[in-house]
Amino acid sequence: MIQSLLDFLNESPVNFLAVDAVAKRLEDAGFERYDATAPLFNVQPGDMFYYTKNYSSIYAFRIGRQPLGEGGFRMICAHCDSPTFRIKPNAEMKGEGGVVKLNTEVYGGPILSTWFDRPLSLAGRVVLRTDNPLLPLTRLLHIKEPLLQIPNLAIHFNRQVNDGVKLSRQKDMLPIIGILNSELEEDNLLLHLIGDELNVDIEDILDFDIYLYDVTPACLLGIHQEFISSGRLDDLSMVHAGLTALVDAQPDIPDVTQVLAIFDNEETGSQTKQGAGSPFLSLLLKRICNAQNGGVDEFSRAIEKAFMISADNAHAWHPNYTEKYDPTNHPVMGGGPVVKFNAAQKYASDAVSAAVFVSVCEKAGVPCQRFVNHSDVAGGSTLGNILASSLPIRGVDMGNPIWAMHSARETGNVNDHEYCIRAFTTFYELPSSEE
Ligand code: ZN
């Protein structure tokens, strides 16, 4: 199970490739790809299908035996984007001796310094010319070899470097891609690289969404191999847990309709067509209800019966910074999934939804912890409250504890991942009568 997580992390350097990896695993498990432009009708218990939006968010469904008005939806949500750097248009910047760096802009909120001195590469999507201007062709790009690095400034130029350094996103964070070896190479270095990689003519490359990623593969470490070290654990570890639970849940025709929703753009506030602030999921749920001959009343009842687990990583108690944590609620590594609370409702959890999740963990035989911010620390936000403001579903915000959230390299725990999958599987499998 842990090897499957490591493989998934390595296959998913950016949102588009994460969605592709999820889609492949869903198809291997018998889920059918549906196109949102095609009509949906005659949906039957046991049907398994998925939709994508922008190919950077993905929504999978297994239809239950119960009518939606009776059973509602059993939903797990997570996000597939992570903090990184987007390559700007016209990115090449040539310096002394032909050294070329790429112009980038920051995506989300990375810990900038963690991106220094690591072998990096490029991944994303490239959009190609077709005969129809309204329907260009999209190809995924995943350059697997190390290609770039953002070199630090030597300590000899800044003796105060270990006292903390203010970093400019425009000046300090630009990766170096190489040294030009001829005048001919000067034009369109990046386009030629993409063209060669995808075997397309650079004249046909209309645009791209390409990002930096750390090429160092995910691995286990610790004296008992108890830790997972990887980029993008937030939130791909929760994506993997939800996906594994959906694929493994028994029986083949569940009592209640199961939903897995993986959103994009959580790291920039979710307000896009493929983010948790989009009505896309709500429209899909309505279409599924409609395809089972349910109207507005049936859909409203389904929403009342529904329960959502919004799964996004939490902060594990860090032994070097104990003063940053709440004195009585600081989840530990290996202590199990974490329910997150916030009095200002940045998290969807309340006593009722937390009680439901704790009961699910009990039934699954896994431990469960609670997180609240230290009252002098602002903390983050996530998916649950954004979704709940457009779909008034009971739900809980939870996640597995990790260290160094938004570092290029985060640390998680092997046992927590297995606990989470067991809790999610139990959640999907619970018959509606046991709610
Ligand atoms: Zn997250």
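Just above sits the structure.
Our subject in this report is the structure included herewith.

Reading the values: the criteria
- Residues numbered from 1 in each chain as written.
- Predicted model: local features only at pLDDT ≥ 70, side-chain atom pairs only at ≥ 80, totals over all residues.
- Heavy atoms only, no water.
- Axes fitted to C-alpha atoms, helices over the stretch in contact; angles between N-to-C directions.
- Helix = DSSP H or I, 4+ residues; strand = E, 2+ residues; numbered from the N terminus.
- Parallel < 35°, antiparallel > 145°, perpendicular 65-115°, else oblique.
- Contact = heavy atoms within 4.5 Å.
- Nonpolar A, V, L, I, M, F, W, Y, C, P; charged D, E, K, R; others polar.
- Core = buried A, V, L, I, M, F, W, Y, C linked by side-chain atoms within 4.5 Å.
- Buried < 20%, exposed > 50% of the residue type's maximum accessible area, 1.4 Å probe, protein only.
- 1 Å grid on protein atoms, 1.4 Å probe; cavity = no way out; pocket = protein on both sides within 12 Å on 5 of 7 lines; lining within 4 Å.
- Points joined across faces, edges and corners; volume = space filled by probe spheres on them.
- Polar contact = N/O pair within 3.5 Å; in protein donor to acceptor, adjacent residues only side chain to side chain.
- Pairing = 2+ DSSP bridges.
- Right-handed = clockwise from strand over helix to strand, strands pointing away.
- Patch = residues over 30% accessible without salt bridge, like charges linked within 9 Å, V, L, I, M, F, W, Y side chains within 5 Å.
- Areas by Shrake-Rupley, 256 points an atom, 1.4 Å probe, with all protein chains shown as cover.
- Salt bridge = Lys/Arg side-chain N within 4 Å of Asp/Glu carboxyl O.

## Focus: the packing of helix α1 (residues 2–11) against helix α2 (residues 15–28)
Where α1 contacts α2, the axes come no closer than 8 Å and their chain directions differ by 135°. The angle between α1 and α2 falls in the class oblique. Within the contact between the two elements, α1 uses Ser4, Asp7, Phe8 and Glu11 and α2 uses Leu17, Ala18, Ala21, Val22 and Arg25. When grouped by side-chain class, the residues that make up the contact of α1 with α2 number five nonpolar, one polar and three charged.

## A closer look at the nonpolar core
Among the nonpolar cores identified, the biggest contains 56 residues, and Leu26, Ile309 and Phe424 are the most heavily contacted of them. Ignoring any residue separated from it by four or fewer positions in sequence, one finds Phe424 in contact with Ile76, Met238, Ala241, Gly242, Ala245, Ile309, Ala311, Phe357 and Met398. Residues Tyr51, Val259, Phe280 and Ile303 belong to the second largest nonpolar core, which totals 32 residues.

## Description of the layout of surface pockets
In this structure, the largest pocket spans a volume of roughly 460 Å³. Forming the boundary of the largest pocket are 19 residues, of which Phe116, Pro151, Asn152, Leu153 and Asp172 lie nearest the centre. Among the residues forming the lining of the largest pocket, the class breakdown is 10 nonpolar, five polar and four charged. As a volume, the second largest pocket reaches approximately 400 Å³. Of all elements in the fold, only β2 (48–53) and β8 (137–142) reach the threshold of two or more residues within the lining of the second largest pocket. Among the elements that make up the lining of the second largest pocket, the one with the highest residue count is β2 (three residues). Tallied by class, the residues present in the lining of the second largest pocket amount to six nonpolar, four polar and four charged.

## Overview of the side chain of His79
Position of His79 among the secondary structure elements: in strand β4 (residues 73–79). In terms of polar contacts, His79 uses its side chain to reach the side chain of Glu266, at 3.3 Å. Separated by 3.1 Å, the side chains of His79 and Asp312 make a polar contact.

## Observations regarding the pairing of strand β16 (residues 338–341)
Burial along β16 is two-sided: the face carrying Val338 and Lys340 and the face carrying Val339 and Phe341 are both buried. Bridging between β16 and strand β17 (residues 369–372) involves four bridges; their strand directions are parallel. Paired with Val338 across the strands is Gln369, a residue of β17. For the segment spanning β16, helix α8 (residues 351–364) and β17, crossover handedness is right-handed. Note: β16 against strand β18 (residues 394–399), two bridges, orientation antiparallel.

## Side note on a nonpolar patch on the surface
Among the surface-exposed residues, Val99, Ile176 and Ile179 lie close enough to one another that they form a single nonpolar patch of about 230 Å² accessible area. Within the secondary structure layout, Ile179 lies in strand β9 (residues 176–179).

## Quick notes on the sheet that holds strand β11 (residues 219–221)
Strand order in this open sheet of three strands is β11-β12-β20, and the pairing throughout is antiparallel. In this open sheet, the two edge strands, each paired with only one partner strand, are β11 and β20 (410–413). Across the sheet, the axes of successive neighbouring strands diverge by a mean angle of 35°, strand direction being ignored. Where β11 and strand β12 (residues 227–230) come together, three bridges link them in antiparallel fashion. Residue pairing in the sheet places Cys219 in a bridge with Ser229 of β12. Of the strands in this sheet, β11 and β12 touch α1, which is tilted by about 10° from β12. Sitting on the sheet, helix α10 (residues 414–429) touches β11, β12 and β20, and the angle it makes with β20 is about 65°.

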